[in-house]
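Coordinates in review
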Amino acid sequence: MTTNTHEAAVDRQFGPQAAAYLTSTVHAQGADLRQLADIAREHPRARVLDLGCGGGHVSFTVAPLVAHVTAYDLSQRMLDVVADEAARRGLSNLSTCRGKAERLPFADEEFDLVLCRYSTHHWSDPGLAMREALRVLKPRGTAVFADVVSPGQALLDTWLQTIEVLRDTSHVRDYSASEWTRMLSEAGFVPRSWTPRRLPLEFSSWVARMRTPDTLVAALRHMSAIAPEPVRRYFQVQEDGSFTSDTLTIVAAKPCFASLPESGCAV
């Protein structure tokens with residue numbers, strides 16, 4: 001019997017494709033991943049949470065640079081792939097843990113860094129998940145969120161969300177920069193920097209990575225063919241359906257509250 005919860009949909013989508021995400025060039029490289037490495041390099045004694053680790057590329061990148069990394073994801077099959085690859089690479093300071101972003105099984109102030117890449121658009125309650133990320137982060141700790149973002153304009157936003165959910169039924173939303181600002185502020189984070197980038201996506205590998213059914217692949221090709229000119233121009237839509245998305249890497253801090261001197265904050 002199929003369970004129709006969002007968590008079950010995420011697991012159905014990503015579990016069977018865990019190995020594909022391990023070898024995905026989109027996820028295994030990029031300027032955003034190098035930025036995360038640079039941040040980790042500044043904190044060699046850090047305990048790091050890779051929140052929504054997917055194929056583990058953030059974990060593999062920062063583990064040699066920090067004290068310990070916990071790779072956290074909803075999909076156990078994804079975590080099994082990450083654990084096997086970590087063992088192959090000799091990353092003994094990398095452990096895995098399964099659970100939801102909205103309910104983290106960690107103590108308050110357990111981590112120095114929380115890193116999250118290409119995961120937020122799957123969360124059913126991003127506000128709650130960000131509050132949880134803040135809770136487990138030490139005062140003055142750093143969180144980095146990197147994800148595909150919506151341009152914010154109604155026509156472009158509608159087209160982007162439509163193709164995302166046709167390709168991946170576990171997709172919730174690509175948030176705009178203004179939505180990110182609101183969510184982070186409401187959670188209690190203080191944004192420090194915003195780095196926008198453009199991400200080219202090759203159509204065939206994009207749908208294959210998610211095992212998109214043929215009927216929905218046909219619908220996606222039709223969406224590309226009938227896309228209005230502003231959409232085609234902004235997303236650089238190609239004849240084969242390939243296109244370019246916006247991404248945003250946000251570095252945010254947990255403020256140091258005067259009521260918590262035991263955490264090293266100035267009174």
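Summarised in this report is the structure supplied together with it. Nothing here was measured: the structure is a model prediction, and the numbers come from that model.

Another point: the packing of helix α7 (residues 126–136) against helix α9 (residues 177–187). Axis separation between α7 and α9 bottoms out at 9 Å; the angle between their running directions is 45°. Relative to α9, the element α7 is oriented oblique. With respect to the hand of their crossing, α7 and α9 are arranged in right-handed fashion. Between α7, through P126, M130, R131 and L134, and α9, the contact on the second element is made entirely by W180, M183, L184 and A187. Looking at the contact of α7 with α9, its residues break down into 7 nonpolar, no polar and 1 charged.

So, about the side chain of K254. Of note, K254 is situated in the segment after β7 (243–253). One buried charged residue, K254, remains without a salt bridge, the closest side chain of opposite sign being E109 at 4.4 Å. For K254, the residues in contact, after removing those within four places along its chain, are E109, L134, R135, L137, K138, P139, R140, G141 and F189.

Attention now moves to the sheet that holds strand β5 (residues 137–149). Pairing is mixed in the open sheet, where 7 strands are placed in the order β3-β2-β1-β4-β5-β7-β6. The two strands at the open ends of the sheet, each matched to only one other strand, are β3 (94–98) and β6 (190–201). Averaged over all adjacent pairs, the angle separating strand axes in this sheet is 15°, with direction ignored. α9 rests against β5, β6 and β7 of the sheet, and its axis sits at about 145° to β6.

Running from amino to carboxyl end, helix α8 (residues 154–167) crosses helix α11 (residues 214–226) at an angle of 160°, the nearest separation of the two axes being 9 Å. As far as their axial angle goes, α11 and α8 are roughly antiparallel. The element α8 and its partner α11 pack so that their crossing is left-handed. Mapping the contact onto sequence places W159, T162, I163, L166 and R167 in α8 and L216, A219, L220, M223 and S224 in α11. Its residues placed into classes, the contact of α8 with α11 shows 7 nonpolar, 2 polar and 1 charged.

Moving on: the environment of R211. Structurally, the position occupied by R211 is in the loop between α10 (203–208) and α11. Taking the C-alpha atoms as reference points, R211 and R167, 44 residues apart in sequence, are found 8.4 Å from one another.

Our next topic: the side chain of T244. Note that T244 resides in strand β7. You can call T244 buried: its relative accessible area is 8%. A distance of 3.3 Å separates a polar atom in the side chain of T244 from a polar atom in the side chain of Q236. Not counting residues within four places of it along the chain, the set of residues in contact with T244 comprises R198, L199, P200, F235 and Q236.

This part takes up the environment of G90. Within the secondary structure, G90 sits in the loop between α6 (76–89) and β3. C-alpha separation for the pair G90 and P64, spaced 26 residues apart in sequence, amounts to 9.7 Å.

Definitions and limits used
- Residues take numbers from 1 onward in each chain, read along the sequence in its written order.
- Selection of residues for local features in this predicted model requires a pLDDT of at least 70, selection of side-chain atom pairs for listing and counting requires 80 or more, and totals for whole chains, interfaces and linings are taken over all residues.
- Only hydrogens and water are removed before side-chain values are computed, so all heavy atoms of the structure are retained for them.
- Throughout, an axis means a line fitted to C-alpha atoms (over the contacting stretch in the case of helices), and angles, computed between N-to-C directions, take values from 0 to 180 degrees.
- Segments assigned H or I by DSSP are reported as helices when at least four residues long, segments assigned E as strands when at least two residues long, and all are numbered from the N terminus.
- In what follows, roughly perpendicular refers to angles from 65 to 115 degrees, roughly parallel to angles under 35, roughly antiparallel to angles over 145, and oblique to any angle outside these ranges.
- Left-handed is the label given to a crossing in which the near helix is rotated counterclockwise from the far helix by less than a right angle, and right-handed is the label when the rotation is clockwise.
- By the convention used here, residues are in contact when the closest approach between their heavy atoms is within 4.5 Å.
- Residues are grouped as follows: nonpolar covers Ala, Val, Leu, Ile, Met, Phe, Trp, Tyr, Cys and Pro; charged covers Asp, Glu, Lys and Arg; every other residue, Gly included, is treated as polar.
- With a 1.4 Å probe rolled over the protein chains alone, any residue whose accessible area is under 20% of its type maximum counts as buried; one over 50% counts as exposed, and the rest are partly exposed.
- Charge counting treats Lys and Arg as positive and Asp and Glu as negative, with His and both chain ends excluded.
- What makes a salt bridge here is a side-chain nitrogen of Lys or Arg within 4 Å of a carboxyl oxygen of Asp or Glu, nothing more.
- The pairing criterion is simple: DSSP has to find at least two bridges between the two strands.
- What qualifies as a polar contact is a pair of N or O atoms within 3.5 Å, subject to a donor-acceptor requirement within protein and to the restriction that residues adjacent in sequence count only when both atoms come from side chains.

Any functional reading would require information that these geometric values do not contain.
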